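One letter stands for each residue in the lines below.
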Amino acid sequence: MKKHEILLRIDLQCGTCGALTHRGETVDSSEKKPKDKPFNPAEGVKFCPCCGAGYERYCMRCHKKADMFFEEYWPEEDECVRTYVPAKRCSSCNAGLEVDHRGKDKPEE
Ligand SMILES: [Zn+2]
Ligand SMILES: [Zn+2]
């Protein structure tokens, strides 16, 4: 039986300027590895090299770290590209986390 390895490519997208940072490639050779800690996409790369905005966001209301979310896209059957973007809303209390809009409430509606 052919061992099925998936090439996983991780990109981080800045939530402020939209610049993509190539995080690296990892081979996800399925279930065998012990998951000692949850995967942290922003580990080692905490800030956008273009504008300096942080990738990790904390909720100002409940003070929890908001996990980044990702979108997957499969250019090949065994190749996965994941683009992580900073969370726009807190998963606990649903407060908005957009730094740009903080403090200046433009009436948009
Ligand atoms: Zn940026
Ligand atoms: Zn919250």
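Residues numbered from 1 in each chain as written. Chains lettered and ligands numbered in written order. Predicted model: local features only at pLDDT ≥ 70, side-chain atom pairs only at ≥ 80, totals over all residues.

Grouped together as the largest cluster of nonpolar side chains are 6 residues: Ile10, Leu12, Cys14, Cys48, Tyr55 and Tyr84. Those residues within four positions of tyrosine 84 in sequence are excluded, and the remaining contacts are Ile10, Asp11, Leu12, Gln13, Pro41, Met68 and Phe70. (Core = buried A, V, L, I, M, F, W, Y, C linked by C-beta atoms within 7 Å. Buried ≥ 20, exposed ≤ 12 C-beta atoms within 10 Å, placed from the backbone. Contact = placed C-beta atoms within 7 Å.)

Turning our eyes to something else, we now look at the environment of threonine 16. Structurally, threonine 16 is set in the loop between strand E1 (6-13) and strand E2 (20-28). Assessed through the 17 C-beta atoms surrounding it within 10 Å, threonine 16 is described here as partly exposed. Here the alpha-carbon distance between threonine 16 and cysteine 50, two residues 34 residues apart in the chain, equals 9.8 Å. (Helix = DSSP H or I, 4+ residues; strand = E, 2+ residues; numbered from the N terminus.)

In this structure, arginine 89 sits in the segment after strand E6 (79-85). Here arginine 89 falls in the partly exposed class, since 15 other C-beta atoms lie within 10 Å of it. Leaving out residues up to four positions away in the same chain, arginine 89 has contacts with Asn94, Ala95, Gly96 and Leu97.

Glancing now at the environment of alanine 53. Residue position: alanine 53 is located in the loop between E2 and strand E3 (57-58). With 38 residues separating them along the chain, alanine 53 and glycine 15 place their C-alpha atoms 7.9 Å apart.

Attention now goes to the pairing of E6. Within a regular strand, side chains alternate between the sheet's two faces. Pairing analysis gives 6 bridges linking E1 to E6, with the strands arranged parallel. Paired with leucine 12 across the bridge in E6 is tyrosine 84. Relative to E6, strand E5 (residues 69-76) is paired through 6 bridges, and the arrangement is antiparallel. Pairing of glutamate 72 across the sheet is with arginine 82, part of E6. (Pairing = 2+ DSSP bridges.)

Within E5, only 0 of the 8 residues are buried, which leaves the element largely exposed. Between E5 and the antiparallel strand that follows it, E6, lie 2 residues.

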